[in-house]
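Residue-level structure breakdown
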Amino acid sequence: MKGKLVVIEGLDGSGKSTQLQLLPGLLEEAGVDSRTISFPDYDDPSSTLVKMYLSGAFGGTADAVNAYAASIFYAADRYASYKRHWGDYYASGGLVLAGRYVTSNAVHQMSKLPEEEWEAYLSWLYDLEYEKTGIPKPDLVLFLDMPPAVSQRLLAGRYGGDESKKDLHERDAAYQRRCRQAARFAALYSGWQTVSCAADGRLLSPKRIGEALFMAVKKIL
């Protein structure tokens, strides 16, 4: 019996980790068991190429590695995670909550390409990961839409103002703006559910955002 896969996606600093901590508790209160996963899996050797890329080992900017090569780094990490850590739980009917997924390649790597190539990239990406490697397609993708200016303030708070702690993606504000454009395109193209996380430049409370995510997940169970 196939399970359910829910993905929480968003730009860096959009609150994905916070919601991935809150949502299981809300579901448990409703009598629903779940398991959380997060990508990249930095604690596993499968993320070695991802860590090298984000540290700047292949070049000092996000554009130093093309969209297709970088996508393969992340795809390998996801495949290893699925086969080793959560595939059996999912196959037995479990509810899996993922912080990032194939959707992150759509957000971060597609933004490196000209807009006229975005549809072709998404077709290639979805074929690679869902058809060729065979990892599950999400039943629901919840895109946390956060204005880059707000997310940058949150990142600054996370690292105590130390810019050196940001990775290759996080410290590039122009890249983050391009990612938001790509994410909005991917959301429309792929049928993601967009959840606004700020109003008038101010962050909504994690509780309010969490309640919106919980209601969305309930509808697919």
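Cut-offs applied
Residues numbered from 1 in each chain as written. Predicted model: local features only at pLDDT ≥ 70, side-chain atom pairs only at ≥ 80, totals over all residues. Heavy atoms only, no water. Salt bridge = Lys/Arg side-chain N within 4 Å of Asp/Glu carboxyl O. Buried < 20%, exposed > 50% of the residue type's maximum accessible area, 1.4 Å probe, protein only. Helix = DSSP H or I, 4+ residues; strand = E, 2+ residues; numbered from the N terminus. Core = buried A, V, L, I, M, F, W, Y, C linked by side-chain atoms within 4.5 Å. Contact = heavy atoms within 4.5 Å.

1. Let's talk about the pattern of salt bridges
In this structure the tally under the stated criterion is eight salt bridges. For lysine 132, the salt bridge is made with aspartate 127, and the minimal N-O distance between the two is 2.5 Å. Under the relative-accessibility criterion, lysine 132 is labelled exposed at 59%. Of the residues examined, aspartate 127 reaches a relative accessible area of 31% and is grouped as partly exposed. We note a salt bridge from arginine 180 to aspartate 145, for which the minimum N-O separation is 3.1 Å. With arginine 180 in helix α7 (residues 173-190) and aspartate 145 in strand β4 (residues 140-145), this pair connects stretches of sequence that are 35 residues apart. On the accessibility criterion, arginine 180 (18% relative accessible area) is buried. Each of Asp145, Arg180 and Arg184 takes part in one network of salt bridges that share partners.

2. Quick word on the nonpolar core
Looking at soluble globular proteins, one finds that nonpolar side chains tend to be buried together. With 41 residues, the main nonpolar core has Leu5, Tyr53, Trp86, Tyr101, Tyr126 and Trp192 as its most contacted residues. At the level of elements, β1 (4-10), α2 (48-55), α3 (67-91), β3 (95-99), α4 (102-109), α5 (118-132), β4 and α7 are the ones that each hand at least two residues to this core. Among the elements that take part in this core, α3 stands out by supplying seven residues, more than any other. Ignoring sequence-local partners within four residues, the contact set of tyrosine 126 consists of Val102, Ala106, Glu131, Tyr189, Ser190 and Trp192. Core analysis: the next-biggest nonpolar cluster, separate from the first, contains 20 residues, Leu97, Met146, Cys197 and Val217 among them.

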